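The lines below spell out each chain.
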Amino acid sequence: MSQHLSARFNAIGRSEVGLHRSGNEDSALINGVLIAVADGMGGHAGGEVASKVAITTLAQILPLLNNDEMDSESLEDFLQSAVLDVDHEIKLTAEANDRLSGMGTTLTAIALYRDKAYVLHTGDSRAYRLRGKEFAQITKDHSVVQELIDAGKITEAEAAVHPQRSVLTNVLMGHGNITSLLIEYDVKAGDKFLICSDGLSSVLSESEINKIIKSGGDLISNLLAAVREKGAPDNVTVIWARITEEIKATKTQILGSAAL
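Residues numbered from 1 in each chain as written. Predicted model: local features only at pLDDT ≥ 70, side-chain atom pairs only at ≥ 80, totals over all residues. Heavy atoms only, no water.

Novice: Please explain the layout of surface pockets as it appears in this structure.
Specialist: What the largest pocket holds in volume is close to 860 Å³. Around the largest pocket, the lining comprises 32 residues; the ones closest to its centre are Arg126, Arg165, Asp198, Ser201 and Ser202. Elements that contribute at least two residues to the lining of the largest pocket include exactly strand S3 (34-41), strand S7 (126-131), helix H4 (144-150), helix H5 (156-160), helix H6 (198-201) and helix H7 (206-214). (1 Å grid on protein atoms, 1.4 Å probe; cavity = no way out; pocket = protein on both sides within 12 Å on 5 of 7 lines; lining within 4 Å. Points joined across faces, edges and corners; volume = space filled by probe spheres on them. Helix = DSSP H or I, 4+ residues; strand = E, 2+ residues; numbered from the N terminus.)

Novice: What is the right way to look at the packing of H7 against helix H8 (residues 219-229) in this model?
Specialist: A pair of packed helices is captured by two measures, namely the crossing angle of their axes and the spacing between those axes. For the pair H7 and H8, the least separation of the axes is 9 Å and the interaxial angle reads 140°. When the axes of H7 and H8 are compared, the crossing they make is right-handed. Contacts between H7 and H8 involve Ile209, Ile212 and Ile213 from the former and Leu219, Asn222, Leu223 and Ala226 from the latter. Class assignment of the residues belonging to the contact of H7 with H8 gives a composition of 6 nonpolar, 1 polar and no charged. (Axes fitted to C-alpha atoms, helices over the stretch in contact; angles between N-to-C directions. Left-handed = near helix turned anticlockwise from the far one by under 90°. Contact = heavy atoms within 4.5 Å. Nonpolar A, V, L, I, M, F, W, Y, C, P; charged D, E, K, R; others polar.)

Novice: What should I look at first to understand the pattern of salt bridges in this one?
Specialist: Where charged atoms of side chains with opposite charge meet at close range, the side chains can pair. In this structure the tally under the stated criterion is 11 salt bridges. The salt bridge involving Asp141 is made with Arg126; its shortest N-O contact spans 2.8 Å. One end of the pair, Asp141, is in the loop between strand S8 (134-137) and H4; the other, Arg126, is in strand S7, with 15 residues separating them in the sequence. Neither residue differs from the other here; Asp141 and Arg126 are each classed as buried. Residues joined by salt bridges that share partners form a network here, namely Arg14, Glu16 and Arg228. (Salt bridge = Lys/Arg side-chain N within 4 Å of Asp/Glu carboxyl O. Buried < 20%, exposed > 50% of the residue type's maximum accessible area, 1.4 Å probe, protein only.)

See below:
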């Protein structure tokens with residue numbers, strides 16, 4: 001990146017209900033310095049509320065990301081605190097309404113600051129990066145099956161049909177014991193990032209996603225069409241973002257339940 005210009009996202013995204021859900025429990029944020037996806041869970045309206053709380057609370061850090069005066073250590077502390085703020089806000093919201101007890105949400109976000117990308121992650125929504133021809137997942141699911149994969153007890157193929165594949169080990173539920181993963185990446189102009197709820201990644205494999213990306217055309221529409229062809233069992237939210245140095249950045253958009 002140029003020494004004088006900070007990295008910015010040129011980003012697009014969509015959030016759809018899927019073919020077997022009555023409401024959308026996903027929420028998402030698109031901005032020139034921050035993209036995020038939250039996939040809510042919980043009875044009644046709990047999932048929709050939890051993901052909305054996550055996205056609207058996280059959006060409050062936008063002014064700071066546009067302020068170029070923090071050192072990297074302070075920024076990392078601030079981003080970690082932002083996730084704790086989300087968790088606390090979920091706690092307060094659930095305490096105010098018994099019907100929302102037990103609600104929770106994943107949260108996967110990428111914040112840009114100067115020439116770095118900071119990936120915040122908890123749960124099983126995912127982030128991928130395309131640099132040149134190399135496409136790779138840059139988050140690791142916080143799930144029972146991922147722990148089994150890491151321990152060498154099951155394969156990726158077995159994980160896809162495992163009865164506990166939806167059980168998460170680290171998620172925002174207002175319990176105050178959240179462990180948020182924060183990873184820093186250097187970014188280059190032209191780098192591309194995809195973040196999504198598991199409504200995409202549990203239906204399409206990494207290689208299938210990569211093939212659709214490299215086939216060209218309307219990427220978001222093509223990904224959503226591929227998910228629908230396979231039954232679209234869940235809400236699906238996708239954000240596709242390219243790193244640029246253009247001063248004119250992506251305008252803020254709110255998607256999914258947070259937009260209602």
